[in-house]
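Structural description and commentary
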Amino acid sequence: MKKIVIVGGGYAGFYAAWNLEKALRPDEAEITVIDPRPYMTYQPFLPEVMAGSVEARHAAVSLRKHLRRSKVVAGEVTRVEHARRVLQVRPADGDDVELDYDVIVITAGAVTRTFPIPGIAEQAIGMKHVEEAVAIRDTLLTSFDRASVLPPGPERQRLLTVTFVGGGFSGVEGFGELLSLATSLLRSYPELSLADLSFHLVEAAGRILPEVTDEPGRWVVRALEERGAHVHLNTQLVSAVGGHVVLSTGQEFDSELIVWAAGNAANPVVAQHTDLPVDDRGFLRVRTDLRIGTAQAAVPDAWAAGDDAAVPDIAVGTPGARTVPNAQHAVRQGRHLAANIAAVLRGGTPRDYVHQSLGVVATLGLGQGVFQYRRLVITGFPAWVMHRGYHVLAVPTWERKIRVAAVWLAAAVFGRDIVSLASVQHPREAFVRGGTPR
């Protein structure tokens, strides 16, 4: 029986394991999935988790509940030595352990790309995990509560100032959804007005949403600005020390909430702690059939997919092109990878991964969106409906589809839930204080 180890339980890893369970008999392979989190995060829902349109738990898919034949190991892989067919795992508690394997699948994903900007490490919140999305939402809601009892002035302005760094899809979607939440909150806070809100989107390039063409990108900027947002193009964040934002244009302001969404970087374990071939950016070299290696030679029994892999994109017909690191490719690569592994284990030949893009769709807040497929561009409410329709179909398992649809229906009838649970970050505080004022 072959031992198959999957490093990472994100999109590609989850779908690879899920489909391997279907493709292989129990006596053919023993499947192990290693990830520090016991769930797969459906990242396209994170902006709506921020806005309260999707419950946090509904954006996470339990690995143990849905991977019934796989062994799930809660830990971080710290080293892969493929020459010996072993890897090291660091669990949350206890010493590192060494696991052996016959076939390895690396789907560890990418990490948030950061720069040595003063104050970012101390002040900013990322946007890759459910916990971060919840923290962003709770921070905004708590800021409204605090600002509502203050007179107009610098402190109220700081509490109601939000800064997003990064104009890619995750940054723009998160920015649009949080702006939508903030403006809707004003109905419940008569002490505050739209003039009190200050939302800033900072992008170093001359345009946002590089996945769409120029005109839809300009439309998104106009749509955000019409809602009161400040979009800073060709602008870099210089400093964020103490929440005081300094931009390369010379503009300065205080911001209670700073969200970092400035792209992805290679996973350091993949880039620095394996004996498998990586490119100059630290991503795994992958063939068109998803085996690790070069076009001339594949590394035996080693596969990769998702954001940590430089997968050739043969669908576009451009030499050297790589698949875009997004959910659309990661899901399909996970399925394709499982089919190829099953074929090879049974003496067959793996097939090349080819996927024509289905287009791109983004939410910009309740009732606003943008969709593009080649030259077809749809904006506004129809695009928002398409966004919701696509993702409720794409999120894995019927259980999650029904739960998400039910929350959307409830929100349509009763409105957003505006309760902040920031206190869960300090669960013992009320017990320790015993009612004594701060």
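Below or above, wherever it landed, is the structure these notes cover. (Residues numbered from 1 in each chain as written. Predicted model: local features only at pLDDT ≥ 70, side-chain atom pairs only at ≥ 80, totals over all residues. Heavy atoms only, no water.)

To continue, consider the overall build of the protein. The number of helices and strands found in the protein is 13 helices and 25 strands. Taking 2.2 N^0.38 as the reference for a compact globule, 438 residues should give roughly 22 Å; the C-alpha atoms of the protein span a radius of gyration of 23 Å, in line with that estimate. Each of the three principal axes of the protein carries a C-alpha extent, and together these read 70 × 60 × 45 Å. Within the protein, buried positions represent 50% of all 438 residues. In the form shown here, the protein has an accessible surface area of approximately 20300 Å², with 55% of it arising from carbon and sulfur atoms. A gap of 5 Å separates the mean positions of the 45 positive and 46 negative side-chain charges of the protein. (Helix = DSSP H or I, 4+ residues; strand = E, 2+ residues; numbered from the N terminus. Rg over C-alpha atoms; globule rule 2.2 N^0.38 Å. Buried < 20%, exposed > 50% of the residue type's maximum accessible area, 1.4 Å probe, protein only. Areas by Shrake-Rupley, 256 points an atom, 1.4 Å probe, with all protein chains shown as cover. Lys, Arg positive; Asp, Glu negative; His and termini not counted. Charge placed at Lys NZ, Arg CZ, Asp CG, Glu CD.)

Okay, helix α10 (residues 327-345) next. Since one α-helical turn is 3.6 residues long, residues separated by three or four positions face the same way. Taking 1.5 Å per residue, 19 residues should reach 27 Å; α10 reaches 27 Å between its end C-alpha atoms and fits that length. Where α10 is buried, its residues contact β1 (2-7), α1 (11-23), β8 (103-106), β21 (298-304) and α11 (381-394). Immediately downstream of α10, the backbone of Gly347 shows phi near 85°, a positive value. (Expected span 1.5 Å × (residues − 1). Contact = heavy atoms within 4.5 Å.)

Let's shift gears to the nonpolar core. Ranked by internal contacts, the top residues of the largest apolar core, which has 106 residues, are Ile4, Ile6, Leu87, Phe144, Phe164, Leu178 and Phe199. Aside from chain neighbours lying at most four places away, what touches Phe164 is Met50, Met127, Gly171, Gly174, Phe175, Leu178, His200, Leu201, Val202 and Val259. Ile117, Ile120, Trp260 and Ala262 belong to the second-largest nonpolar core, a separate cluster that totals 12 residues. (Core = buried A, V, L, I, M, F, W, Y, C linked by side-chain atoms within 4.5 Å.)

Once that is clear, we can look at the pattern of salt bridges. Should their charged atoms come close, side chains of opposite charge can pair. The full count for this structure, using the stated rule, is 23 salt bridges. One salt bridge in this structure joins Asp100 and Lys3, with 3.1 Å as the shortest N-O distance. Of this pair, Asp100 sits in strand β7 (residues 97-100) while Lys3 sits in strand β1, and the two are 97 residues apart along the sequence. For the salt bridge of Arg25 with Asp27, the shortest nitrogen-to-oxygen distance reads 3.1 Å. Judged by relative accessible area, Arg25 falls into the partly exposed class, the value being 46%. (Salt bridge = Lys/Arg side-chain N within 4 Å of Asp/Glu carboxyl O.)

This next bit is on the side chain of Thr323. Tracing the chain through its elements places Thr323 in the loop between β22 (309-310) and α10. A polar side-chain atom of Thr323 sits 3.2 Å from a polar atom in the side chain of Gln333. Not counting chain neighbours up to four residues away, the residues in contact with Thr323 comprise Val311, Pro312, Asp313, His329, Gln333 and Tyr353. (Polar contact = N/O pair within 3.5 Å; in protein donor to acceptor, adjacent residues only side chain to side chain.)

Phi at Leu290 takes a positive value of approximately 75°, unusual for a residue other than glycine. Residue Leu290 is classed as buried on the basis of its relative accessible area of 0%. Although it is not a glycine, Arg374 adopts a positive phi angle of roughly 55°. Inspection of the secondary structure assignment puts Arg374 in the loop between β24 (369-373) and β25 (376-379). Assessed through its relative accessible area of 61%, Arg374 is described here as exposed.

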